[in-house]
Every structure is written in C-alpha cells, then in structure tokens.
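# Fold and geometry: a report
Given next are the chains, with one letter for each unit.
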Amino acid sequence: MARILEDDAKRLLSEFGLAVPSGRRVTTPIDATDVASAMPGGCVVKALVPTGRRGKAGLVSICSTADEARSAVERMIGMNFDGYLVEAVLIEERIDIAHEYYLSMSIDPAALTFNVLASAFGGVDIEAHAGSITSIGVDPVAPSADREIQLLWSDVGLKDHATVLRDATRNALSAFQSLDATMLELNPLAVDAANRAVAVGAMLAVDDAAIHRHPDLSRLVIEGSDRAARPETLLEQRVAEINADRSQRGSARYLELEGGDIGFLCGGGGASLLLFDAIVAEGGRPANYSEFGGNPTEQRVYDLTRVVLDKPGVRGLFVAHNITNNTQIDVVARGVTRAIRDAGVPAAFPVVAREVGVNDDEGRLIFEEANVLYLGADVSLNGAARIMVERLREAGTW
Amino acid sequence: MTLFGDSGVMIQGITGREGRMTAEHMLSYGTPVVAGVTPGKGGQSVCGVPVFDSVSDAIASCGPGRIGVSVVIVPPLATLRAVSDAVRSAGCDIVIATEGVPRHDALRMLVIARQAGVTVVGPNSIGVIEPGQRRKLGAIGGDRPERAFVPGAVGIISRSGGMTSEIGLTLRMAGLGVSGAISVGGDELIGLPPARAARVLQDLPETRAICYFGEPGTHFEEELAAEIESGSIQVPVIALVAGTFTESLPEGTAFGHAAAIIQRGSGRPTDKRRRLADAGAIVVSSLDDMAVAVTGVAGGA
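If you're wondering where the values come from, they're calculated on a predicted model, not measured in any experiment.

A count of helical and extended segments in chain B gives nine helices and 14 strands. Relative to the globule expectation of 19 Å for 301 residues, the C-alpha radius of gyration of chain B, 19 Å, shows essentially globular dimensions. Principal-axis analysis of the C-alpha atoms gives chain B an extent of 55 × 45 × 30 Å. Counting all 301 residues of chain B, 62% fall into the buried class. Of the contacts formed within chain B by residues at least 6 apart in sequence, a portion of 71% connects residues at least 24 apart. Carbon and sulfur atoms make up 49% of the accessible area of chain B, which totals about 10300 Å². Separation between the mean location of the 25 positive side-chain charges and that of the 29 negative ones in chain B comes to 3 Å.

For chain A, the count of helices and strands is twelve helices and 19 strands. Oriented by its inertia axes, the alpha-carbon framework of chain A measures out at about 80 × 50 × 40 Å. In chain A, once contacts between residues fewer than 6 apart in sequence are set aside, the share between residues at least 24 apart is 70%. For chain A, the exposed area adds up to about 16500 Å²; of that, 48% sits on carbon and sulfur atoms. Distance from the positive charge centre (38 side chains) to the negative charge centre (56 side chains) of chain A: 1 Å.

Take the pattern of salt bridges next. Taken as a whole and judged by the stated rule, the model has 36 salt bridges over all chains. Residues Arg354 of chain A and Glu166 of chain B are paired through a salt bridge, measuring 2.7 Å at the closest nitrogen-oxygen approach. Note that Arg354 of chain A is positioned in strand E18 (residues 351–354) and Glu166 of chain B in helix H5 (residues 161–173), a pairing that runs across two chains. Each member of the pair, Arg354 of chain A together with Glu166 of chain B, is buried. The shortest N-O distance in the salt bridge between Arg268 of chain B and Asp271 of chain B comes to 3.6 Å.

Time to look at the sheet that holds strand E12 (residues 209–214) of chain B. Residue and element names in this part refer to chain B. In space, the seven strands of this open sheet follow the order E9-E8-E11-E10-E12-E13-E14, with mixed pairing throughout. Strands at the two margins of the open sheet, each flanked by one partner only, are strand E9 (135–137) and strand E14 (282–283). This element, helix H6 (residues 194–202), spans strand E10 (151–158), strand E11 (178–183) and E12 of the sheet and lies at about 170° to E10. Strands in contact with helix H9 (residues 287–298) are E10, E12, strand E13 (237–241) and E14; relative to E13, the strand with the most contacts, it is inclined by about 175°.

Looking now at the pairing of E11 of chain B. It is a general feature of regular strands that their side chains alternate between the two faces of the sheet. Residue and element names in this part refer to chain B. Among the six residues that make up E11, six are buried, leaving the element largely enclosed by the rest of the structure. When strand E8 (residues 128–130) meets E11, the two strands line up antiparallel, connected through two bridges. By the bridge assignment for E11, Ile129 is matched with Ala181. Taking the sense of rotation as the criterion, the β-α-β connection linking E10, H5 and E11 turns out right-handed.

Moving on, we come to the nonpolar core. Ranked by internal contacts, the top residues of the largest apolar core, which has 64 residues, are Ile4, Leu103, Trp153, Leu186 and Leu204 of chain A. Beyond its immediate sequence surroundings of up to four residues, Leu103 of chain A is in contact with Val116, Leu117, Leu152, Trp153, Thr169, Ala172, Leu184, Glu185, Leu186 and Leu189 of chain A. Membership of the second largest hydrophobic core comes to 53 residues, among which are Phe318 and Val352 of chain A together with Ile238 and Val284 of chain B.

Further remarks concern the interface of chain B and chain A. Listed by partner, the interface residues are 56 residues for chain B and 54 residues for chain A. Summed over both sides, the interface of chain B with chain A buries roughly 4200 Å², with 61% coming from carbon and sulfur. Summed over the shared surface of chain B and chain A, the result is three salt bridges. Between Arg147 of chain B and Asp360 of chain A there is a salt bridge, and its shortest N-O distance comes to 2.8 Å. Listing elements by their share of the side of chain B that touches chain A, those giving two or more residues are helix H4 (103–116), H5 and H9 of chain B. Broken down by element, the residue count for the side of chain B that touches chain A peaks at ten residues, all from H4 of chain B. Considering only residue class, the side of chain B that touches chain A consists of 25 nonpolar, 18 polar and 13 charged.

Residue and element names in this part refer to chain A. In contact at an axis separation of 8 Å, helix H9 (residues 298–310) and helix H10 (residues 329–343) are set at 40° when each is read in the N-to-C sense. Comparing their axes, H10 and H9 come out oblique. For the crossing formed where H9 meets H10, the hand is right-handed. Residues Glu298, Gln299, Val301, Tyr302, Thr305, Arg306 and Leu309 of H9 form the contact with H10, whose participating residues are Val331, Val332, Arg334, Gly335, Val336, Arg338, Ala339, Ile340, Asp342 and Ala343. Broken down by class, the residue content of the contact of H9 with H10 amounts to nine nonpolar, three polar and five charged.

Moving on: the sheet that holds strand E15 (residues 262–266) of chain A. All names here are of chain A. Sheet architecture is open: four strands sit in the order E15-E17-E18-E19, paired in parallel fashion. In this open sheet, the two strands that pair with only one neighbour each are E15 and strand E19 (373–375). Across the sheet, the axes of successive neighbouring strands diverge by a mean angle of 15°, strand direction being ignored. Here five bridges tie E15 to strand E17 (residues 316–320), and the two strands are oriented parallel to one another. Considered in E17, the bridge of Phe264 is made with Phe318.

Residues and elements named next belong to chain A. Scanning all chains against the criterion turns up eight aromatic pairs over all chains. Here Tyr101 and Trp153 contribute two aromatic rings whose centre-to-centre distance is 5.6 Å and whose plane-to-plane angle is 90°, an arrangement assigned as edge-to-face. One end of the pair, Tyr101, is in strand E8 (residues 97–108); the other, Trp153, is in helix H4 (residues 146–156), and 52 residues separate them in sequence. An identical accessibility class is assigned to Tyr101 and Trp153; each is buried. Ring geometry for Phe114 and Phe176: centres 5.5 Å apart, planes at 85°, overall edge-to-face.

Criteria and cut-off values
- Residues numbered from 1 in each chain as written.
- Chains lettered and ligands numbered in written order.
- Predicted model: local features only at pLDDT ≥ 70, side-chain atom pairs only at ≥ 80, totals over all residues.
- Heavy atoms only, no water.
- Helix = DSSP H or I, 4+ residues; strand = E, 2+ residues; numbered from the N terminus.
- Rg over C-alpha atoms; globule rule 2.2 N^0.38 Å.
- Buried < 20%, exposed > 50% of the residue type's maximum accessible area, 1.4 Å probe, protein only.
- Contact = heavy atoms within 4.5 Å.
- Areas by Shrake-Rupley, 256 points an atom, 1.4 Å probe, with all protein chains shown as cover.
- Lys, Arg positive; Asp, Glu negative; His and termini not counted.
- Charge placed at Lys NZ, Arg CZ, Asp CG, Glu CD.
- Salt bridge = Lys/Arg side-chain N within 4 Å of Asp/Glu carboxyl O.
- Pairing = 2+ DSSP bridges.
- Axes fitted to C-alpha atoms, helices over the stretch in contact; angles between N-to-C directions.
- Right-handed = clockwise from strand over helix to strand, strands pointing away.
- Core = buried A, V, L, I, M, F, W, Y, C linked by side-chain atoms within 4.5 Å.
- Buried area = accessible area lost by both parts, 1.4 Å probe.
- Nonpolar A, V, L, I, M, F, W, Y, C, P; charged D, E, K, R; others polar.
- Parallel < 35°, antiparallel > 145°, perpendicular 65-115°, else oblique.
- Left-handed = near helix turned anticlockwise from the far one by under 90°.
- Phe/Tyr/Trp six-rings, centres within 6.5 Å; stacked < 30°, edge-to-face > 60°.

Just distances and angles here, no functional claims.
Here it is, written out as structure tokens:
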C-alpha cells in the first residue's frame, strides 16, 4: 500500500474523467494568500499527509477569506499527525454541495472481485453510518460493470443524482484498475448545485509491486508508507539504502522498535514472526524487527548487522532462520562475524546463531571461531530463543 | 487435481537463473520434469529437458494429458501472461513461485483459473512436496529436500515458505514424516487458501494429521476454522499462528509477507488462535509443542 497525497491523487483521477475541485499545493502562508485570493467563493485548506481522519484532527479548514486561509496554513504547516510532518497543504475552491455521498473500492481476496462500497451518508461521519453502506462485487475480467453499478446506486442514490453517480463510479473504477490501485476512497463524493459529481475528498493507494509499469506514479508515492504507519527512522533509512544497492544479492527488512536490548537478526518472513514471539514469551525484549534472506551476499549481511548493532541499548545479538533453501549459512556467518568484530562489541556481548541449511558445516566453524554460540537442527527455533534470553540474563550488565 | 501423484511437470521460465536451479533440484529429487517453456528460447534444453516457445508447443510435443502441473518461475510482470497461457493451452494445475506479482494481475489470473476449474498454488509459494513419491514442485527443500522432509503421515500447510521446511525438520527431529506439504504463498490473493489446502492434503491416503502455520492478516485462519467446524476435515489439525507481538504495534504496519498486515482490528493472531481452538483445532504456541501434539495424534505411523 503505497499512498499518494491528495492533490496528486485528484490530478490522476481527473485524467479518468472524474471532476475534482480546482486547487493548488502550497507550502507557505504567503502563497496561501495569493491562491485563496483567487477563490472568491471561499476555499478549503487540507493538510497534505498520507492518512485519513484529518477532518477530526483539525487538518481540514473551510475558509471564507484569504486571511482565514492564510492563518489556517500557518497553523497546519509544521503540525504532526500520525507521525507525519505537515509540510504542504492543498487549497481548493469551495464546492456548493447539494449532497455528500461515499464511494470506495478495494480488492476482495476471498470473492476475487472488486469490492465497491457506496453510501448516501458521505462526509466525516461515514463510520457512524456503517449500516447505510451497500456493496457490490465487480468481476475483474468482465468487459463491463455497468449493470452492477446501476444496481449499486439504485439502492443508495437520490433519484436525480443516479446518472452522474453512475458515471463517476465507472470513471473511478477505470482509474482503480488502470492505476493498479489497492484502495480508492472518495469521501465525500459530492453532487453540487449544478448536478455534477465532484470528488471533494480523495484517498488513493497503489500497489508497490506494480509501480514498475507506472513510472509516472513512482515519484508520487510516499516513501515508507507501505511498510510502517510512521515515517522511517535514520536506521531504517540506512537499510533502505542498503537495499537500493542492486549490485548486492538478497533482501533486508528492518523495523526499529522503542526500547529493547536484543538485536534481532532473523529471517524469513514466517520464522521472524515466530522467533520474535518466542523471544518475548521468554521475557526478552527485541530492539528491532528484521527479516533477511534471498541468499544475501556477505556485504549485505554485514551492512544489516551493523545497523542492528548500532541501535542504542543493544546488549546481545540473535541470529536465526528457518532451515534455508538457498541462503548460504557460511556467507551469513562471514557477514555477521565481521560486523561484530568491526563494531567492537564487548567480550561479554552474547551472540547466538541458530542457522541450519546450505553449507551449515562451514558456517558453524566460522561462527564458533568468532565465539558465537552456534545451534543446529537439534535445537528448535523456540529453543534457540530461550537460550538467547538466558545468555543475555547471564551476561548481566557490562 | 494433479499436484500429487506422478503426472508430468512443466516449468515456465526454465531458462532463467532460478528456473534452471529449480529444474535441476526437482529432477535430482526424482520429479518427472518433461518440458520447459520460455518464449523465444524454443529448441534449447535445460538439464536434458526440452524447452518450448509456448505452452501449446510443449503440449504438441509431449502429447495431450502428459503434463499435469506447471511450475511458474517468471518475473512478476510476466506472470499473468504465463499463467493465462498454461490455463488456456494446458488446463493443468499450476504452482506459482514468483514473488511480487501485482495484485490486479493476481486477481485476474485467479479468476481465469477458477473459471477453467484448475487449481493454482501461490503466487509467492516455495512449492509443494510429496516425499513418498520423491516429487517436488518448486524450490521447496532446495537441493537436499530429505534434510527437512521424510515420508510419513503428516500434512503441512504454511503461509510461510521457509516455515514449511522448518516444520518438516521439526517433525523429522521428532521421528515423524510428511505425506505432503503445501506452501500456499505469502500473498493475500492466492489460489489455494489453507481451508482448501487442508481438503487436498486430507485426500492423500497417508495423511493422519495436518500441521498449519499461520500469520497475522487475511481471513485464512478463520476460513480454516469454519472448514474444520463444518466437519469436512476429518484429521486432527495442529495450528501455530505466529506474530502475536504485532498486535502491540501500530495498525497497518507490514511484516514479512505481503499479507501479514493487521488492518482495523481484523487479522489479529490472538483472535485467529481462539477461532481455531473453538473449531476444534489443536492450537500450539511453539514448534516444540507442535511436535509433541503431532506425536500424540499421529505418532507411531
């Protein structure tokens, strides 16, 4: 789920025939005055952060004058919401709204359809009107969804609005498919006094797996919004840089956590989840979450290990994987042990490695030479976590 | 359904680095790989397996009915075309190894496969293995599958490819073996969700118990619970759902696999475990407990 800021989302949607309010992105109060002055009918100021629920957080302001707009911008710029710093706002013309609807679409993985939701109670209180929401499933390979869309709004819309709502839904669905979107929410989708359906509020997330076929989208997605509900930390940015080096094989994921003292250097996807639970169940506190694999090069393992060890407060290192298919244990061992040496960890710093799979005989020797406690197939992943926590306790504080 | 048994196997993407390695390991284990497909590489051969430009060329050469399964190991953006080709031209079952298939593509290929009545495992599956037949579909087990998988009476279903093998290893260390193992794939959009995979494994005559490995996110565990409750799964299911710690982190944080994400209070491992236990599954919280529980219901087999 790579999110796109609202002004970019609206520009993209307008290319598919959806009407959107005219507006401009602004980063300073001075520019706000200029832009708002050109909107005699009043304007709406919206903070540009890639999250929902902005209205209730005071990050959407309806303004009658340019002065009001200017002070709204002054107030919003620099605010923090959901971990995102407000660096820009969107100033839009105010729409003369006759009725506010709600329209959203996503993929239903069980039914294998596009799940389209609609309600006649759009706006900030949509969640209080959950019972008003109707849904249809659209066949993704059918040539047309016109019948389903007609049914959708015949249940929901005011009679006079049915035609414009159907057209807007058809356009939105075509944008949803063409942009490889994972989520599209128009709230409100307003019908104005001139009986035009206008996407007054728009949230869009696109599939990062499909970004390679949308070069125009790749510079619009908000970095890190796919992995965490907050911006990346410095250590996380370092891992992003490590992964950006395409000359090195293997993948590394790293999520910094608050507090904790065990450096967590594990993989693959499922085993990392299990191992983290196991450490916690034994009373240990991981300082981070990680997941690495894909037969990484020694350098990539080294770089990731250095990041894990650089987190302040780390007093031990836990290296573990499920039995590997192709990840070479000797290579992992070389990367990890070189990083430990270069980081200059104290002699009492416990390092436990439970690594079974390709070249593990060789890997065991490398680990043991570096005073790492090596565990093999006779110790389960849960057993390894128990030993890690025990070792850390025995090490005490040094 | 020809995932298990002795039908011929085709590999789409056999000339790529991954494809070659997987073909070599599948053959050396004993899997009957009879054809490879890479558009533009027809006429070559990989490990003695003839390569064709298209699935229909492969069928024309091998004869109809010879190919029961295709293993798809092609780049993410080429997967939809490869799967469509296999569905339309071969009508065979399909195991998709590719990771990072765009969701809209996955959706389309699964709809096409459903309409044609073929079984799809994956995308993002490390594979399917049947140790008693020395048959493996995909990279599962690497070049030494017997380190993790020995023949036996336990079925394995896992949302994690790596944990499919780790559970095999856990069972082997406990003196148990595997009837069949299915890595269903780490994505949210997959062709053979756990509930259906359980029915497939139960149909193997050796299967006396099923081990399940689940993760946060999706409704797969809830569906599996409903399947058990309905009475259609007759063998005991021993389930481990990992990722409890993610419940204490902000919602929407993604872990590991694409599908392991908790959204709006749904997808929590705690709820999944409760649901599975209520349905009659044996819910365990460690691999050691899993080995003990399986020995209790299927030991001595």
